[in-house]
Amino acid sequence: METEKIIQAYFAHIPESVWEKAYPIKVLITDVDGVLTDGGIIYDDFGTEYKKYNVKDGLIVQHLRKSKILVGAITGRQSQVVENRCEELRFDFHYHGVKDKAKKLREILETMEIELKEVAYIGDDLIDLPILTQVGFSIAPQDALPYVKEAVDYVSPLGGGKGVFREVGDILLHTRGQLAPLIETLSQQDS
């Protein structure tokens, strides 16, 4: 397997400035609706809420955590479905029903020895702008609102719920030189 060639092709669209922003990141925080999902919400006749997540997004969490990158979520909606997903993925932290995300981020960072420049955040809507304009590395999915895309360091070619979180996770692992060895190790394991 020509891992380096595959990775080069995968990341060919990413400018050098993104790699510079990604290098110092110690925490990856994401919004949920519109990032981990496509933004859609389905309710059945009994009021039960359903969301569709991308499995590829979830798979990278364990590898980020092994690489000492904390993973969290700050979402504006209160949803048991979202809480369940964050717990299932073993996010280091997740906060729900947050209306002032920037204030919550400051509270989180006060408990850690981490600076804003060491935080990456993925968001897609108005409520995310106060964080996106403060963190070290800001990302939006391809289908984020135009004024959000204008405010971030990187706009992924992937839409919400289509693997944008995974792409950012892969970028962070690659900046540490850990993506290629991970791919090669897993490619060589016996079935």
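As a reminder, the structure under discussion sits directly above these lines.
Numbering of residues begins from 1 in every chain and follows the order in which that chain's sequence is written. Only residues with pLDDT of at least 70 get local features here, since the model is predicted, and only at 80 or more are side-chain atom pairs given and counted; chain-wide, interface and lining totals rely on the full set of residues. For the side-chain quantities, the full set of heavy atoms in the structure was used; hydrogens and water were omitted.

K.L.:
What should I look at first to understand the layout of surface pockets in this one?
P.N.:
Its volume calculated, the largest pocket comes out at about 220 Å³. Only protein atoms enter the calculation, which uses a 1 Å grid: trapped sets of points that fit a 1.4 Å probe without letting it out are cavities, open sets showing protein on both sides within 12 Å along at least five of seven lines are pockets, and any residue with an atom within 4 Å of a point is a lining residue. As for the largest pocket, its lining consists of 13 residues, and the residues nearest its centre are Arg166, Asp170, Leu179, Leu182 and Ile183. Think of it this way: any DSSP run of H or I at least four residues long counts as a helix, any run of E at least two long counts as a strand, and we number them from the N terminus. Contributing elements (two or more residues each) for the lining of the largest pocket: helix H1 (3-10), helix H3 (55-66), helix H8 (164-175) and helix H9 (179-188). For the lining of the largest pocket, the leading source of residues is H9, giving four residues. Each residue gets one label: Ala, Val, Leu, Ile, Met, Phe, Trp, Tyr, Cys and Pro are nonpolar, Asp, Glu, Lys and Arg are charged, and the others, such as Gly, are polar. Among the residues making up the lining of the largest pocket, the classes are represented as 10 nonpolar, one polar and two charged. Grid points are joined across faces, edges and corners, and a volume is the space filled by probe spheres set on the points.

K.L.:
I'm lost on the sheet that holds strand S8 (residues 154-155) in this one. Help?
P.N.:
Strand pairing within a sheet occurs via backbone hydrogen bonds; the two strands may be parallel or antiparallel. Only strands joined by at least two bridges in the DSSP assignment are considered to pair. With parallel pairing, the six strands of this open sheet are ordered in space as S5-S4-S1-S6-S7-S8. Single-partner strands in this sheet number two, and they are strand S5 (93-95) and S8. Looking at chain direction, strand S6 (residues 119-122) and strand S7 (residues 137-140) are connected through three bridges and run parallel. Considered in S7, the bridge of tyrosine 121 is made with serine 138. Whether two residues are in contact is decided by their heavy atoms: any pair within 4.5 Å suffices. Think of each axis as a best-fit line through the C-alpha atoms, taken over the contacting stretch in the case of a helix, with angles from 0 to 180 degrees between the N-to-C directions. Against the sheet, helix H5 (residues 101-110) makes contact with strand S1 (27-30), strand S4 (70-74), S5 and S6, and its axis sits at roughly 150 degrees relative to S4, the strand it touches most. Taken strand by strand, H8 contacts S1, S4, S6, S7 and S8, and its axis lies near 170 degrees from that of S1.

K.L.:
Any chance you could explain the environment of glutamate 4 here in plain terms?
P.N.:
By the element assignment, glutamate 4 lies in helix H1. Exposure classes here rest on a 1.4 Å probe applied to the protein chains alone. A residue is buried below 20% of its type maximum, exposed above 50%, and partly exposed in between. Residue glutamate 4 is classed as partly exposed on the basis of its relative accessible area, which comes to 43%.

K.L.:
I tried to follow the packing of aromatic side chains on my own but got confused; where do I start?
P.N.:
By convention here, two paired aromatic rings are described through the distance between centres and the angle between planes. Aromatic contacts are taken between Phe, Tyr and Trp rings whose centres are within 6.5 Å, Trp giving its six-membered ring; a plane angle under 30 degrees counts as stacked, one over 60 as edge-to-face, and the others as tilted. Under the criterion given, the structure shown has four aromatic pairs. Judged by centre distance (5.1 Å) and plane angle (80 degrees), the rings of phenylalanine 11 and tryptophan 19 are edge-to-face. Across the pair, exposure class does not vary: phenylalanine 11 and tryptophan 19 are buried alike. Considering the side-chain rings of phenylalanine 93 and tyrosine 95, the 6.1 Å spacing of their centres and the 40 degrees angle between planes classify their relative orientation as tilted. Classification of phenylalanine 93 by relative accessible area gives buried; the value is 8%.

K.L.:
Looking at this model, I keep getting lost on a nonpolar patch on the surface. Mind explaining?
P.N.:
What makes a patch is a set of residues exposed beyond 30% relative accessible area and free of salt bridges, joined within 9 Å when like-charged and within 5 Å when nonpolar (Val, Leu, Ile, Met, Phe, Trp, Tyr). All accessible-area figures derive from a Shrake-Rupley calculation using a 1.4 Å probe, and residue coverage is judged against the displayed protein chains alone. One side-chain nitrogen of Lys or Arg within 4 Å of one carboxyl oxygen of Asp or Glu is enough to make a salt bridge. Residues Leu126, Leu145 and Tyr147 make up a contiguous nonpolar surface patch of about 270 Å² in total accessible area. Secondary-structure assignment places leucine 145 in the loop between S7 and helix H7 (146-151). We classify leucine 145 as partly exposed; its relative accessible area is 31%.

K.L.:
When you look at unusual backbone geometry in this model, what are you seeing that I'm missing?
P.N.:
With the exception of glycine, most residues fall at negative phi, and the peptide bonds are largely trans. Despite not being glycine, lysine 68 shows a phi value in the positive range, around 70 degrees. Considering the arrangement of structural elements, one finds lysine 68 in the loop between H3 and S4. Positive phi, close to 60 degrees, is recorded for arginine 90, a residue that is not glycine. The residue arginine 90 is located in the loop between helix H4 (80-88) and S5 in this model.

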